[in-house]
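What the coordinates show
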Amino acid sequence: SNPASEATTVTTLVASAAAKITPSGPLFHVNGTAAVTGFNIPLGFVGGQFTIIPDAAFTVTTANNVANASTAVANVPLTYTFDFNSGKFYGSY
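Residues numbered from 1 in each chain as written. Predicted model: local features only at pLDDT ≥ 70, side-chain atom pairs only at ≥ 80, totals over all residues. Heavy atoms only, no water.

Some thoughts on the environment of Val14
Formally: Think of it this way: any DSSP run of H or I at least four residues long counts as a helix, any run of E at least two long counts as a strand, and we number them from the N terminus. Whether two residues touch is decided by their heavy atoms; if any such pair falls within 4.5 Å, the residues are in contact.
For Val14, the position within the fold is in strand β1 (residues 14-15). Separated by 10 residues in sequence, Val14 and Ser24 place their C-alpha atoms 7.1 Å apart. Apart from the residues within four sequence positions on either side, Val14 is in contact with Ile21, Thr22, Ser24, Phe28, His29, Val30 and Asn31.

See below:
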């Protein structure tokens with residue numbers, strides 16, 4: 001398989017939830033407006049980043065493993081990078 005093409009393939013839609021959500025792959029849409037409190041580390045995740053394409057505005061809080069709070073903007077990609085030293089995801093905005 002070609003890692004470059006896999007990185008741009010949109011995976012399963014994830015609903016926002018007032019809890020941790022689980023990324024479905026390296027690039028996925030999130031719908032809904034519930035405040036996301038963090039991310040479950042998906043099976044096979046060995047670090048790096050993932051990108052969300054928000055279908056609506058929702059907030060991401062620092063209640064769990066997110067370093068910086070943010071408000072997702074519909075149709076503006078939001079990338080999270082994981083830092084194993086801090087155990088937190090850092091958002092691009």
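Overview of the pairing of strand β3 (residues 27-31)
Defined as follows: The pairing criterion is simple: DSSP has to find at least two bridges between the two strands.
Pairing geometry for β1 and β3, over two bridges, is parallel. Counterpart to Ala15 in the pairing with β3 is Asn31. Pairing analysis gives four bridges linking β3 to strand β5 (residues 48-54), with the strands arranged parallel. Along β5, the bridge assignment pairs His29 with Ile53.

What about the sheet that holds strand β8 (residues 78-83)?
Reading across from one edge, β1-β3-β5-β8-β9 is the order of the five strands in this open sheet, with mixed pairing throughout. Strand pairing shows two members of the sheet lacking a second neighbour, β1 and β9 (88-91), which therefore form its edges.

Brief notes about the pairing of β5
For a regular strand, the rule is simple: side chains alternate between the two faces of the sheet. Using the following cut-off: The buried label applies to any residue whose accessible area, calculated with a 1.4 Å probe on protein chains only, is under 20% of its type's maximum; exposed applies above 50%, and partly exposed to all values in between.
The element β5 is extensively covered by neighbouring structure, given that five of its seven residues are classed as buried. Here β5 runs beside β8; their pairing, made up of five bridges, is antiparallel. From the neighbouring strand, Thr51 faces β8, where its bridge partner is Thr79.

Some thoughts on the packing of aromatic side chains
Rule in force here: For this analysis, a ring pair means two rings from Phe, Tyr or Trp (six-membered ring only for Trp) whose centres lie within 6.5 Å, classed as stacked if their planes differ by under 30 degrees, edge-to-face if by over 60, and tilted for the remaining angles.
Taken as a whole and judged by the stated rule, the model has 10 aromatic pairs. The interplanar angle of 35 degrees and the centroid separation of 5.8 Å between the aromatic rings of Phe28 and Phe50 together place this pair among those described as tilted. Remark: Phe50 occurs in strand β5 and Phe28 occurs in strand β3; sequence separation between them is 22 residues. Residue class for Phe50 comes out buried when judged on its relative accessible area of 2%.

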